[in-house]
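Here are the chains, one letter per residue:
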Amino acid sequence: MTLGWPWALLGLLAVPVLAWWYRRLLRARAARRAELAALGLVAPGQPATTRWRRRLPPALLLAALVLLLVGLARPEAVLPEPRREGTVILAFDVSTSMAATDLAPTRMEAAKSAARAFVKRQPSTVRVGVVAFSGSGLITEEPTADRARVLAAIDRLRPDGGTALARGLQTSLSAIVGQPVLVDGPADTVEPTGPDLGYHGSAAVVLLSDGENTVPPDPIDVAEIASSAGVRVYPIGLGRPEGTVLEIGGFQLATALNEPLLREIATRTDGRYFAAADERELAAVYDSIDLSWTVREEHIELTALLAAAAGLLLLTGVGLSLSWFGRAV
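Residues numbered from 1 in each chain as written. Predicted model: local features only at pLDDT ≥ 70, side-chain atom pairs only at ≥ 80, totals over all residues. Heavy atoms only, no water.

Moving on to the packing of aromatic side chains. Summed over all chains, the structure comprises 1 aromatic pair. Here the aromatic rings of Trp5 and Trp7 are separated by 5.8 Å at their centres, their planes lie at 20°, and the arrangement is stacked. One cation-aromatic arrangement involves Arg74 over Trp5; the distance from NZ or CZ to the ring centre is 5.1 Å. (Phe/Tyr/Trp six-rings, centres within 6.5 Å; stacked < 30°, edge-to-face > 60°. Lys NZ or Arg CZ within 6 Å of the ring centre and 35° of its normal.)

Structure below.
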């Protein structure tokens, strides 16, 4: 329990003063009654039932005052609240091969349609980001709870260029850890910048790709870095292993699903590979992502609750006093 305005509790100093004043008032009334009784104008003494009736309404009013003063201090209760929490990066392969029609209407449009459904189903505690990669990777939307921005980023995706799976994974990791994960060196070795990427067990990457890697480096190396950071990768194979042929600018381009590479990425990161043959299967993939349930401390202000309780006591006290004695107090 914490107080936003603890100085407001100084008002409680008035409570014993009011109690003392009311006791003096009762004594004065008792003395006056005794004088009238001596003159034979009222009956001597006071029934026991009358005594507790006279004390109950003022006690209720005093309790209401105490609750109001405590409420003015803005008390906050700290309650544990379970949350399904995490970060999901939707990493879209936007290479030219994603325009293939072996997944209706195209690989790209089927992936976008299922991604929209996934985003709309997520609770506000799950942040979603969007990464697009072809020859290089680009964070088109940082992880956010703003679903409208995520959906807009998905709508903007268009297929073009080659495929660099390593760049897509690298950029996704950068979005999760909040620092660059660079691919350097003449041998295309992969090295994370900074002393440690940290552990991000509640983060996941949904890799939507046909698995055709046409640009170095090796995506398995980046998958190893993701594994060391606790990030699971869930590759979704878009297309069919037997492949298809695209007509682009008068040229024919053969493209096929590279399942072995996508399966290996999933294995290295403790994720799971999905062969999405149609949009319905693709939509079901997202329900299998294992995000963490965490317990966070939720601060709840009790002012309104105390005010309601004080109002109830006040109305009860005044109502009893009016009913029994014809006056408020």
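Still more ground to cover, so stick around.
A word on the pattern of salt bridges. Scanning all chains against the criterion turns up 7 salt bridges. Of the charged contacts in the structure, one is a salt bridge between Arg268 and Glu224, with a shortest N-O distance of 2.4 Å. Taken as a pair, Arg268 in helix 7 (residues 259-268) and Glu224 in helix 6 (residues 219-228) lie far apart in primary sequence, 44 residues in all. Looking at Arg268, the relative accessible area reads 31%, which means it is partly exposed. Owing to a relative accessible area of 37%, Glu224 belongs among the partly exposed residues under this scheme. One salt-bridge network, in which partners are shared between bridges, spans Glu224, Glu264 and Arg268. (Salt bridge = Lys/Arg side-chain N within 4 Å of Asp/Glu carboxyl O. Helix = DSSP H or I, 4+ residues; strand = E, 2+ residues; numbered from the N terminus. Buried < 20%, exposed > 50% of the residue type's maximum accessible area, 1.4 Å probe, protein only.)

Turning next to the packing of helix 5 (residues 165-177) against helix 6. For any two helices packed against each other, the geometry comes down to the angle between their axes and how far apart the axes lie. At a minimum axis separation of 8 Å, helix 5 and helix 6 run at an interaxial angle of 20°. With respect to helix 6, the element helix 5 is oriented roughly parallel. The two elements helix 5 and helix 6 cross, and the hand of that crossing is left-handed. Across the interface between the two elements, Leu165, Ala166, Leu169, Gln170 and Leu173 from helix 5 touch Pro219, Val222, Ala223, Ile225 and Ala226 from helix 6. (Axes fitted to C-alpha atoms, helices over the stretch in contact; angles between N-to-C directions. Parallel < 35°, antiparallel > 145°, perpendicular 65-115°, else oblique. Left-handed = near helix turned anticlockwise from the far one by under 90°. Contact = heavy atoms within 4.5 Å.)

Low pLDDT means the predicted coordinates in that region are not meant to be read closely. For the chain, per-residue confidence averages 80 on the pLDDT scale, and residues scoring 70 or more make up 84% of the total. Per-element confidence in the chain ranges from a low mean pLDDT of 47 for strand 6 (residues 189-192) to a high of 94 for helix 4 (residues 147-155). (pLDDT = per-residue confidence, 0-100.)

The grouping of Arg23, Arg24, Arg27 and Arg55 at the surface amounts to a positive patch. Sort the elements by how many residues they give to the positive patch and helix 1 (residues 14-38) lands first, with 3 residues. Its place among the elements puts Arg55 in helix 2 (residues 48-72). Using a relative accessible area of 55% as the deciding quantity, one classes Arg55 as exposed. (Patch = residues over 30% accessible without salt bridge, like charges linked within 9 Å, V, L, I, M, F, W, Y side chains within 5 Å. Areas by Shrake-Rupley, 256 points an atom, 1.4 Å probe, with all protein chains shown as cover. Lys, Arg positive; Asp, Glu negative; His and termini not counted. Charge placed at Lys NZ, Arg CZ, Asp CG, Glu CD.)

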